Amino acid sequence: MTPEYNKVHNRFKLNNHHYNFNDLMEVAYSFVKEGEPFERALGNFLLDWLDNNDFLITQTSGSTGSPKKLKIKKQHMVNSAIMTGDFFGLEPGNTVLSCLPSNFIAGKMMIIRAIILGMELDLIRPSAFPLIDYEKKYDFCAMTPMQLKNFLKYSDNLKIIIVGGSKVPQSLVDDMQHVKANVYETFGMTETITHIAVKKLNNFKDGDISNAHFKVLPDIKISQDKRGCLVIDAPKLSDDIIVTNDIIKLHDDHSFEWMGRYDNVINSGGVKLHPERIESKLRSRIDEQFFIASEDDDTLGSRLILVLESDANTLDESVFEGLGKFEVPKKIYTLNKFIQTKSGKIHRKKTLALL
């Protein structure tokens, strides 16, 4: 039986051109040899996808630790594409927009979904403000929160938007309530071949899940370990049970609320604090990049701090109104520039080391 990853759907298009398996190989070589940097990344990925191996090597973003290379089965990537297609009702001939880099799993999977499901993919240069044909309508698109924020006023061109890579700020969620596109935040990682769960952020109807809860895709089982961290059983995506460092509140067998990273939890005077939850409350009040961390304290053990990407601390105390007693930072530090991972996320540990 021919594996599905060796097939190119006859409805597949890339930038308005039909390609079969052999044509796609030639295009990949052309991108590698003559393309712009983002096209070379696409070409290299396509050559890896079209070779005789049943796996490929991809790299994690490094946002929660040192970047590492993972060996992923191509059939698992096909399964992920089909699961996403089934969940969102994607069909052959649908138009798809990708403005994500092809050297990370999110960008790779946008290409695979188009190849496997027979969709028409427009792949453009990744940037904070995607430059697209504003007259064209798209059925499906993936963006980072920053891209979505910059693109929101043009979102009537899009039917379904999935957004991931970092936490979606509450201010952006508020802004998207007036748009027609259906927007979903995704939860996943390289190990799960992008998202295993999504939550709707706008256009709610009776019966929709709460926007505080992620709902897992079909054929995925979730549970918690003794730490309260998410455990993922997804045999179509991974041969192994995946134990994460993501603390969750489990609502039922199919939905959960993300609380924060276990390795980021701060124990201050016996009170456990989740930096990501505090950041979520502050994001609409602070324009600059920032994050919550901790430093040693003789009395509390660890005390809460806020690190701000700025030349000086210009924050008014009013930004902390509404926070819990223990959630207010005891000190604010400033840095001219944060260190970021290759995928554009704040590298907390390396940035803290600058202090």
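Caption draft 1: Inspection of the overall build of the protein at higher detail. Looking only at helices and strands, one finds eight helices and 20 strands in the protein. For the C-alpha atoms alone, the extent of the protein along its principal axes is close to 65 × 45 × 40 Å. Within the protein, buried positions represent 49% of all 355 residues. Looking at the protein alone, contacts between residues at least 24 apart form 51% of all its contacts between residues at least 6 apart. Total accessible area on the protein stands at roughly 17,700 Å², and carbon and sulfur atoms take up 47% of it. Here the protein contributes 45 positive and 47 negative side-chain charges, whose respective centroids are spaced 2 Å apart.

Caption draft 2: Seen up close, the sheet that holds strand S18 (residues 290-297). The strand order S18-S19-S20 describes an open sheet built from three strands, whose pairing is mixed. This sheet does not close on itself; its edge strands, each paired only once, are S18 and strand S20 (331-335). On average, each strand axis in the sheet is inclined to that of its neighbour by 35°, with strand direction left out of account. As judged from the eight bridges shared by S18 and strand S19 (residues 301-309), these two strands associate in the antiparallel manner. The partner of glutamate 295 across the bridge, within S19, is arginine 303. Set on the sheet, helix H7 (residues 275-282) makes contact with S18 and S19; between it and S18 the angle comes to about 135°.

Caption draft 3: Broad picture of the environment of proline 218. Structurally, proline 218 is set in the loop between strand S11 (214-216) and strand S12 (221-224). Classification of proline 218 as partly exposed rests on a relative accessible area of 44%. For proline 218 and lysine 330, which are 112 residues apart along the polypeptide, the C-alpha to C-alpha distance reads 44 Å. Dropping the residues within four chain positions of it, proline 218 is found in contact with Met83 and Phe87.

Caption draft 4: Looking closely at the pattern of salt bridges. One pass over the structure, following the stated rule, counts 14 salt bridges. The shortest N-O distance in the salt bridge between arginine 283 and glutamate 279 comes to 3.5 Å. Judged by relative accessible area, arginine 283 falls into the partly exposed class, the value being 21%. Ionic contacts of the salt-bridge type, sharing partners, join the residues Asp246, Arg261 and Asp263 into one network.

Caption draft 5: Examining the pairing of strand S5 (residues 95-98) more closely. Side-chain alternation along S5 places Thr95 and Leu97 on one buried face and Val96 and Ser98 on a second face that is also buried. Remark: the S5/helix H4 (residues 105-117)/strand S6 (residues 120-123) crossover connection has right-handed handedness. Examined bridge by bridge, S5 and strand S7 (residues 138-143) share three bridges and lie parallel to one another. The residue bridging leucine 97 from the neighbouring strand is cysteine 141, located in S7.

Caption draft 6: Expanded view of the environment of aspartate 240. Relative to the elements of secondary structure, aspartate 240 occurs in the loop between strand S13 (229-233) and strand S14 (242-252). Its relative accessible area of 56% is what places aspartate 240 among the exposed residues.

Caption draft 7: Layout of the nonpolar core. Residues Trp49, Met77, Phe187, Ile220 and Phe256 are the most contacted members of the largest nonpolar core, which totals 63 residues. Examining the composition of this core, we find that nine residues originate from one element, H4, more than from any other. Contacts of tryptophan 49, omitting those with residues within four sequence positions, involve Tyr5, Leu56, Lys74, Met77, Val78 and Ile112. Core analysis: the next-biggest nonpolar cluster, separate from the first, contains 21 residues, Leu97, Met143, Val173 and Leu201 among them.

Caption draft 8: Representation of the packing of aromatic side chains within the structure. Enumeration according to the criterion identifies 10 aromatic pairs in this entry. Taken together, a centroid distance of 5.6 Å and an interplanar angle of 50° make the contact between phenylalanine 88 and phenylalanine 140 tilted. Placement of phenylalanine 88 in helix H3 (residues 74-88) and of phenylalanine 140 in strand S7 is noted, with a sequence separation of 52 residues between them. Residues phenylalanine 88 and phenylalanine 140 agree in their burial class; the two are buried. Aromatic pair phenylalanine 214 and phenylalanine 256: ring centres 5.5 Å apart, planes at 25°, arrangement stacked. Separated by 42 residues along the polypeptide, phenylalanine 214 in strand S11 and phenylalanine 256 in strand S15 (residues 255-261) bring together distant segments of the chain. Of the two residues, phenylalanine 214 and phenylalanine 256, both sit in the buried class. Grouping aromatic residues by their ring pairs yields a cluster made of Phe87, Phe88, Phe140 and Tyr184. One Lys or Arg, lysine 74, reaches over the ring of tryptophan 49 and ends 5.9 Å from the middle of that ring.

Caption draft 9: Quick peek at a nonpolar patch on the surface. Together, Phe129, Leu131 and Tyr134 make up an exposed nonpolar region whose accessible area comes to about 290 Å². Along the chain, tyrosine 134 turns up in the loop between S6 and S7. The exposure class assigned to tyrosine 134 is partly exposed, which follows from its relative accessible area of 30%.

Caption draft 10: Region of the structure containing the side chain of glutamate 276. Along the chain, the position of glutamate 276 falls in helix H7. Buried and unpaired, glutamate 276 has no salt bridge, with arginine 348 as the nearest side chain of opposite charge at 4.8 Å. Of note is the side chain of glutamate 276, whose polar atom sits 3.2 Å from the backbone nitrogen of arginine 261.

Cut-offs and rules
Residues numbered from 1 in each chain as written. Predicted model: local features only at pLDDT ≥ 70, side-chain atom pairs only at ≥ 80, totals over all residues. Heavy atoms only, no water. Helix = DSSP H or I, 4+ residues; strand = E, 2+ residues; numbered from the N terminus. Buried < 20%, exposed > 50% of the residue type's maximum accessible area, 1.4 Å probe, protein only. Contact = heavy atoms within 4.5 Å. Areas by Shrake-Rupley, 256 points an atom, 1.4 Å probe, with all protein chains shown as cover. Lys, Arg positive; Asp, Glu negative; His and termini not counted. Charge placed at Lys NZ, Arg CZ, Asp CG, Glu CD. Pairing = 2+ DSSP bridges. Axes fitted to C-alpha atoms, helices over the stretch in contact; angles between N-to-C directions. Salt bridge = Lys/Arg side-chain N within 4 Å of Asp/Glu carboxyl O. Right-handed = clockwise from strand over helix to strand, strands pointing away. Core = buried A, V, L, I, M, F, W, Y, C linked by side-chain atoms within 4.5 Å. Phe/Tyr/Trp six-rings, centres within 6.5 Å; stacked < 30°, edge-to-face > 60°. Lys NZ or Arg CZ within 6 Å of the ring centre and 35° of its normal. Patch = residues over 30% accessible without salt bridge, like charges linked within 9 Å, V, L, I, M, F, W, Y side chains within 5 Å. Polar contact = N/O pair within 3.5 Å; in protein donor to acceptor, adjacent residues only side chain to side chain.

None of the figures reported here should be taken as evidence of function without further support.
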